[in-house]
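# Survey of secondary and tertiary structure
Single-letter residue listing:
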Number of protein chains: 2
Amino acid sequence: MVVIARSALGKLRGKYDSLSTTEKRIAQLALNSPSTVSEMTIRELASAAGASTASISRFVKRLGYANYREFTMELAHVVVVDAQEGAKLFKELGEGDSLGVIANKVFHSSMASLEATNDALSENDIARAVLKLINAGTVNFFGLGGSSIAALDGYHKFVRTSLNVAYHPDYDIQLMQAAKLTADDCAVVISHSGKNYETIQIVKELKANHVPIIGITSYSGSPLARAATVTLLSLTDEIKYRSEGMYSLISQIAILDSLFMMTVLRSSSRTQPVLMHVRDVIERTREEP
Amino acid sequence: MVVIARSALGKLRGKYDSLSTTEKRIAQLALNSPSTVSEMTIRELASAAGASTASISRFVKRLGYANYREFTMELAHVVVVDAQEGAKLFKELGEGDSLGVIANKVFHSSMASLEATNDALSENDIARAVLKLINAGTVNFFGLGGSSIAALDGYHKFVRTSLNVAYHPDYDIQLMQAAKLTADDCAVVISHSGKNYETIQIVKELKANHVPIIGITSYSGSPLARAATVTLLSLTDEIKYRSEGMYSLISQIAILDSLFMMTVLRSSSRTQPVLMHVRDVIERTREEP
DNA sequence: TGAAAAGTGAAACTTTTTTACATATAATTA
DNA sequence: TAATTATATGTAAAAAAGTTTCACTTTTCA
C-alpha cells in the first residue's frame, strides 16, 4: 500500500492527542515555530520544552523519525514550502526596495523576457532567417543607439564563423554600407521600437536594393517589422520599467545567440574549423602573452 | 541591514573557483546531488569525497556556515526549491537538433545562467558596488574582446544617469584612461575569464592608482576577482558550449542592469531628472524628425 | 489497593562534529 | 636557488550532540 508521506506538521497534528503531557509540550513548540525548532539542538529543545533530551529523542522516534536530525530536517522543509507559497509576484520596482529585491526583480524580469521571446519564435521564421544567413555573400548588422550593442554583439559572434560579416557603429557608415549591398547579401537590422528614424532610413535603402532583411524588434506592427523579410520578436516582460528599451537587449542577444548556434550547427563542416581557429586565438591572449 | 541569504548552491558556485582541490571534490558532490549530501553525516560525506572530516568541517565554514548541520540544512532547502521548479535539464547542443530545439536550449541555458548569477550575488557585495558607483567622481568601464560589449552596454546605461561615465573600445586608450584615474573614481572591469592579459594590465594600473574596482567575471579565483574591490560573479550554466564565454554576456548585462536600477533608485532625486531628459531625447529621434 | 504499564530524567554511553597539532606542499622572497 | 612563509590536509584528541539504560514516579485498571 502506498502511504502518502505527511509533512512534519501533519504528523505532529495527527499524533498530538496520543502524546503524553511532556511530549505535547514539545509538539506545541514545534507546531508554533517550526523554523526556530528546526535549528535547535536536542539539548536546546529539551530545555525550551522543560523536558530531558531523552524525552525528545523518544518523542521523535514515536513520530516515526529515525533520529533527531531527520526530524529537524523535515521541519525545515515545512518552513521552505511555506515561505515559497507566500512568495508573491513581482511588481514594479519601487524606491523602497532593498538591493537584494531589486536584483531579484531585474533578474526575474529578464528571465521572463527570455521565456516570452522564446515562446514567440516560430521555427519557420527561424529557418528562413538561418537560410538567408548561411547563403549570404556578406552578413551586415545594423543597429543604432541602444540596439547598437546588440548589433555589435551579433558581429562579435558571427565573426567567428566562416561567414563574411560587417558592422560599423556610425550611422552614416551604416547607411553607406546599406547602399552597397545586393540581393545576394543579408542584413540583420535591430531596433527595439522598430521605428527609429535613422534605422528606417537604412531599411529603406536596403529595400531599394532588394537586400533580404532579418528584423529584430519588439513591435510586430512597427515599420521595421513590416519591411523585414523575416521578423524575430524580442519581447520584454510586461512589467513597466522606468526605461523600457533596456530590457529587450537581453532578448535581442538571446535571439542572436540562437541564430549563431544554428548557423554553426547547420553549416557545421564549413564553420567548425574557423570557429576553432578563432577560439584558439582568443585563448592565446590570456595570461602572459 | 537585511541580508538576503544566498542559496547553498549559489554559495557553492560562487566560491567554487577559490576552493582547493579537495574542497572542489566536496563541492562537486554537493552540487551534483544536494539531496543525498544533505542527508549524510560528516563522516559519510568525508569518505564519499575522499577527504577527512576535518576538511569537510573547514569547508563548510569557508562557505560561511556556522557548522556542518547548518550546511546540510541549507542543502535540504535547495532540494525542496529545485524539486518544486521541476527539472529542466538540457544537454549539450547536438548537430541533429531541430532549429526549435536549439532555440529552446539556448534560451533555457541563458535563463539558467541568469538564475545562477542571481543566486550567487550577495547583497553585501552589491551594496558596496553601488556605493562606490554613486560616490565616484567618474565611472569608467573597461572590457576587451567579447566583454567590450558588456562594457559598452554599461556605458550606454549609465550615461543616462547623472554620473560621469567613460568608456572607449580601444585597449591603449583604456589603459591611458586607467592611468588617469584616482581613488575618488570608480572602475568597472568586465572580463569573462578574469585573466585576459590586457585586462590585467589595466587592473594593475588601476591598483597602482588605488582606484576602486568593481570586477565582473565568471571565475572567483581569477586575477581580476582577486584584485577587485568588489567582485560580482557572472555565472554560466554548466552545460558545455562550443564557445563558452558567449553565454556569460547575458549574465554580465543583467548584473549591469541591476547596478543601473539600484543606482537610479538609490540616488533617485539626483538621477531622475537626467534620466527623464535622456529618455525624451531618445523619444524625439523616433519616426520622422 | 496493588501489580503492571507508561512516563520521565540522570547519567552512561555512542556517535558526530570541531579543534589542535603535525606534516606536506606550494608560493614567495631574499 | 635556498630559505621562509603561507596553504592544504590528515590524525587524533576534545567537545558537542544524540541515544540508551536504568532507577524512580505516576498512572491505569483488574
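This text goes with the structure placed above it.
Notes on the structure in this doc start here. Since the model is a prediction, treat every value here as computed from it, not as a measurement. (Residues numbered from 1 in each chain as written. Chains lettered and ligands numbered in written order. Predicted model: local features only at pLDDT ≥ 70, side-chain atom pairs only at ≥ 80, totals over all residues. Heavy atoms only, no water.)

## Quick word on the sheet that holds strand β3 (residues 186-190) of chain B
Residue and element names in this part refer to chain B. Pairing in this open sheet of five strands is parallel, and the strands run β2-β1-β3-β4-β5 from one edge to the other. Bordering the open sheet on either side are β2 (165-166) and β5 (230-233), each of which pairs with just one other strand. Taken together, the four bridges between strand β4 (residues 213-217) and β5 define a ladder with parallel strand orientation. Within β5, the residue paired with I214 across the bridge is V230. Here helix α8 (residues 123-135) sits on the sheet in contact with β1 (139-143), β3, β4 and β5, set at roughly 120 degrees to β5. (Pairing = 2+ DSSP bridges. Helix = DSSP H or I, 4+ residues; strand = E, 2+ residues; numbered from the N terminus. Contact = heavy atoms within 4.5 Å. Axes fitted to C-alpha atoms, helices over the stretch in contact; angles between N-to-C directions.)

## Section: the side chain of D185 of chain A
All names here are of chain A. Looking at the secondary structure, you find D185 in the loop between α10 (171-180) and β3 (186-190). For the buried D185, no salt bridge is present, and the opposite-charge side chain at shortest range is K180, 9.4 Å distant. A distance of 3.0 Å separates polar atoms of two side chains, one belonging to D185 and the other to T138. Within the structure, the side chain of D185 is placed 2.9 Å from the backbone nitrogen of T182, a separation counted as a polar contact. (Buried < 20%, exposed > 50% of the residue type's maximum accessible area, 1.4 Å probe, protein only. Lys, Arg positive; Asp, Glu negative; His and termini not counted. Salt bridge = Lys/Arg side-chain N within 4 Å of Asp/Glu carboxyl O. Polar contact = N/O pair within 3.5 Å; in protein donor to acceptor, adjacent residues only side chain to side chain.)

## Details of α8 of chain B
Residues and elements named next belong to chain B. In this model α8 runs 18 Å from its N-terminal to its C-terminal C-alpha over 13 residues, within 8% of the 18 Å that 1.5 Å per residue would give. Residues E123, I126, A127, A129, V130, L133 and I134 constitute the buried set of α8. Projected down its long axis, α8 shows its buried positions confined to an angular sector of 165 degrees, all on one face. For α8, the exposed residues lying more than 90 degrees away from the buried face are L131 and N135. (Expected span 1.5 Å × (residues − 1). Arc of directions from axis to C-beta.)

## Observations regarding the protein's contact with DNA strand C
In the vicinity of DNA strand C, 19 residues are found, and the nearest of them are S20 and T22 of chain A together with I42, R43 and N67 of chain B. Taken together, the sugar and phosphate atoms account for 65% of what DNA strand C places within 4 Å of the protein. A distance of 2.7 Å separates a phosphate oxygen of DNA strand C from a polar side-chain atom of S55 of chain A. Within the contact set of DNA strand C, a phosphate oxygen lies 2.4 Å away from a backbone nitrogen or oxygen of I42 of chain B. Secondary-structure elements contributing two or more residues to the surface near DNA strand C are α5 (53-62) of chain A together with α4 (42-49) and α5 (53-62) of chain B. Here the surface near DNA strand C is composed, by residue class, of five nonpolar, nine polar and five charged. (Near = heavy atom within 4 Å. Nonpolar A, V, L, I, M, F, W, Y, C, P; charged D, E, K, R; others polar.)

## So, the packing of aromatic side chains
Inspection of every chain in the model, using the stated rule, returns 10 aromatic pairs over all chains. Here the aromatic rings of F158 of chain B and F260 of chain B are separated by 5.8 Å at their centres, their planes lie at 85 degrees, and the arrangement is edge-to-face. Placement of the pair is F158 of chain B in helix α9 (residues 147-158) and F260 of chain B in helix α13 (residues 248-266), with a sequence separation of 102 residues. What makes F158 of chain B buried here is its relative accessible area of 1%. Taken together, the ring pairs connect F59, Y65, Y68 and F71 of chain A into an aromatic cluster. (Phe/Tyr/Trp six-rings, centres within 6.5 Å; stacked < 30°, edge-to-face > 60°.)

## Considerations on the packing of helix α7 (residues 99-120) of chain A against helix α7 (residues 99-120) of chain B
Their axes nearest at 10 Å, the elements α7 of chain A and α7 of chain B cross at an angle of 175 degrees. Classed by the angle they form, the pair α7 of chain A and α7 of chain B counts as roughly antiparallel. Residue-level contacts link A103, N104, F107, H108, S110, M111, L114, E115, T117 and N118 of chain A of α7 of chain A to A103, N104, F107, H108, S110, M111, L114, E115, T117 and N118 of chain B of α7 of chain B. Of the residues contributing to the contact of α7 of chain A with α7 of chain B, the split by class is eight nonpolar, 10 polar and two charged. (Parallel < 35°, antiparallel > 145°, perpendicular 65-115°, else oblique.)

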